[in-house]
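# What the coordinates show
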Amino acid sequence: QPVGSNSNRWYTAETGGTLLHTGTTYSPSVTETTVFYVSSYNTATTKESAVRMAVMADVNPLPDLATAQNGSRCGTGTVNLSVTNVPSGTTIDWYSTASGGSVLSGGSGTASYTTPSISSTTTYYAQTRNTTTGCVSSSRVPVTATIVSTPTAPTAGTHDLITGTQIRWQWNSVSGATGYRWHTSDDFASATDLGANTNYTETGLSVETTYTRYVWAYYSEGGFTCSGSARILEASTNRDGISFTFI
């Protein structure tokens, strides 16, 4: 090394080659791992070391994106989100924006994330990070927390006696409802899905008998279904007609 050297020269080769830069630091733009060669250099005397030292600029690959697993719930509250197919040697950081911003509280280094309480559908973003190199994916995968509204119960309509053993149960539509379910007991899960129909004909009944039935409106979004409380329907058959009690 020359006496009093105060700088460096950067080259493309160990000997000869192209002079790329003069200075103690060099920040080239590279797309793949590249070796540079640096000599000691005195800017006053222009003396330069005969030997160059190899310096490697190591370009690490960016990790791939994971696969979003969206979440849903009925009404306001927290939603559990997650990602799958997380590449080996990486972890996930969660953000509220597609780029920039800060890692969300509770969302650092985890493949799952529980949102704060939200009242409307919100998109979050999962970014893959290599735990060794610190390199992050070039983009973030969107993961959606869907809030499905809870509808009100339908109001009862005027039921029809078709015969002494058949009743056409009827109710009024609920604004925005995806569909309706009807049942002989207060059990939405096993109720008959009637789609958008606002009536249902029940057969095989007995005359002079009072019947209680249940109907729900429901909303569906993103494969998730939410219902409100049931509307109780009552009607009594007789040999001459049908009488009604609406609740």
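In the block above lies the structure referred to throughout.
All figures in this text were calculated on a predicted structure; none of them were measured in a lab.

## Side note on the overall build of the protein
Counting secondary structure elements, the protein contains zero helices and 20 strands. By the compact-globule yardstick of 18 Å for 247 residues, the protein is too spread out, its C-alpha radius of gyration being 35 Å. In terms of overall dimensions, the protein has a C-alpha envelope of 120 × 25 × 25 Å along the principal axes. When each of the 247 residues of the protein is scored for burial, the buried share is 34%. Of all intrachain contacts in the protein linking residues separated by at least 6 positions in sequence, the fraction that spans at least 24 positions is 57%. When the accessible area of the protein is evaluated, it comes to approximately 13,200 Å², of which 45% is carbon and sulfur surface. Considering the protein, the positive charge centre built from 11 side chains and the negative charge centre built from 15 side chains are found 10 Å apart.

## Thoughts on the nonpolar core
Core analysis: the largest hydrophobic core is formed by 16 residues, its most contacted members being Ile167, Trp169, Trp171 and Tyr180. With four residues, strand 17 (residues 210–221) is the single largest residue contributor to this core. Dropping the residues within four chain positions of it, Trp169 is found in contact with His159, Trp182, Thr198, Asn199, Tyr200, Glu202, Tyr211, Arg213, Leu233, Glu234 and Ala235. Within the second largest apolar cluster, 15 residues are counted, among which are Leu81, Ile92, Tyr113 and Ala126.

## Some points on the environment of Leu62
Turning to its location among the elements, Leu62 is positioned in the loop between strand 4 (53–57) and strand 5 (67–69). Separated by 73 residues in sequence, Leu62 and Cys135 have C-alpha atoms that sit 5.9 Å apart. If near-sequence neighbours (up to four positions away) are discounted, Leu62 is found in contact with Cys135, Val136 and Ser138.

## A few points about the packing of aromatic side chains
Applying the stated criterion to the full structure yields nine aromatic pairs. Centroid distance Trp182 to Tyr200: 4.2 Å. Interplanar angle 35 degrees. Geometry classified as tilted. Note that Trp182 is positioned in strand 14 (residues 179–183) and Tyr200 in strand 16 (residues 199–202), a separation of 18 residues in sequence. Looking at Trp182, the relative accessible area reads 5%, which means it is buried.

## Overview of the side chain of Thr128
By secondary structure assignment, the location of Thr128 is in strand 10 (residues 122–130). In this structure the side chain of Thr128 is engaged in a polar contact, spanning 2.9 Å, whose partner is the backbone oxygen of Asp64.

## Re the sheet that holds strand 12 (residues 160–163)
One open sheet accounts for three strands, arranged 12-13-16; its pairing is antiparallel. This sheet does not close on itself; its edge strands, each paired only once, are strand 12 and strand 16. Averaged over all adjacent pairs, the angle separating strand axes in this sheet is 20 degrees, with direction ignored. Pairing of strand 12 with strand 13 (residues 166–170), which is carried by three bridges, proceeds in the antiparallel orientation.

## Side note on the sheet that holds strand 2 (residues 19–22)
If you walk across this open sheet you meet the four strands as 2-1-3-4, and the pairing is antiparallel. Unpaired on one side and paired on the other, strand 2 and strand 4 mark the two borders of the sheet. For this sheet the average axis-to-axis angle between neighbouring strands, irrespective of direction, equals 30 degrees. Across three bridges, the pairing between strand 1 (residues 7–11) and strand 2 is antiparallel. Each residue of the ladder has a partner; that of Trp10, found in strand 2, is His21.

## Remarks on the state of the cysteines
By definition, a disulfide links two cysteine residues through a covalent bond between their sulfur atoms. Taken as a whole and judged by the stated rule, the model has one disulfide. A sulfur-sulfur separation of 1.9 Å characterises the disulfide bridge that pairs Cys74 with Cys226. The sign of the S-S torsion, about -100 degrees, decides the handedness of the disulfide formed by Cys74 and Cys226: left-handed. Of the two residues, Cys74 is situated in strand 6 (residues 71–74) and Cys226 in strand 18 (residues 224–227); the sequence distance between them amounts to 152 residues. Owing to a relative accessible area of 30%, Cys74 belongs among the partly exposed residues under this scheme.

## Structural notes on the pairing of strand 11 (residues 141–148)
Counting buried positions over the eight residues of strand 11 gives six, a clear majority of the element. Alignment of strand 6 against strand 11, held across four bridges, turns out to be parallel. Bridged to Ser72 within strand 11 is Thr146. In this structure, strand 10 lies alongside strand 11, joined through five bridges in antiparallel fashion. The partner of Thr122 across the bridge, within strand 11, is Ala145.

Calculation notes
Residues numbered from 1 in each chain as written. Predicted model: local features only at pLDDT ≥ 70, side-chain atom pairs only at ≥ 80, totals over all residues. Heavy atoms only, no water. Helix = DSSP H or I, 4+ residues; strand = E, 2+ residues; numbered from the N terminus. Rg over C-alpha atoms; globule rule 2.2 N^0.38 Å. Buried < 20%, exposed > 50% of the residue type's maximum accessible area, 1.4 Å probe, protein only. Contact = heavy atoms within 4.5 Å. Areas by Shrake-Rupley, 256 points an atom, 1.4 Å probe, with all protein chains shown as cover. Lys, Arg positive; Asp, Glu negative; His and termini not counted. Charge placed at Lys NZ, Arg CZ, Asp CG, Glu CD. Core = buried A, V, L, I, M, F, W, Y, C linked by side-chain atoms within 4.5 Å. Phe/Tyr/Trp six-rings, centres within 6.5 Å; stacked < 30°, edge-to-face > 60°. Polar contact = N/O pair within 3.5 Å; in protein donor to acceptor, adjacent residues only side chain to side chain. Pairing = 2+ DSSP bridges. Axes fitted to C-alpha atoms, helices over the stretch in contact; angles between N-to-C directions. Disulfide = S-S within 2.5 Å.

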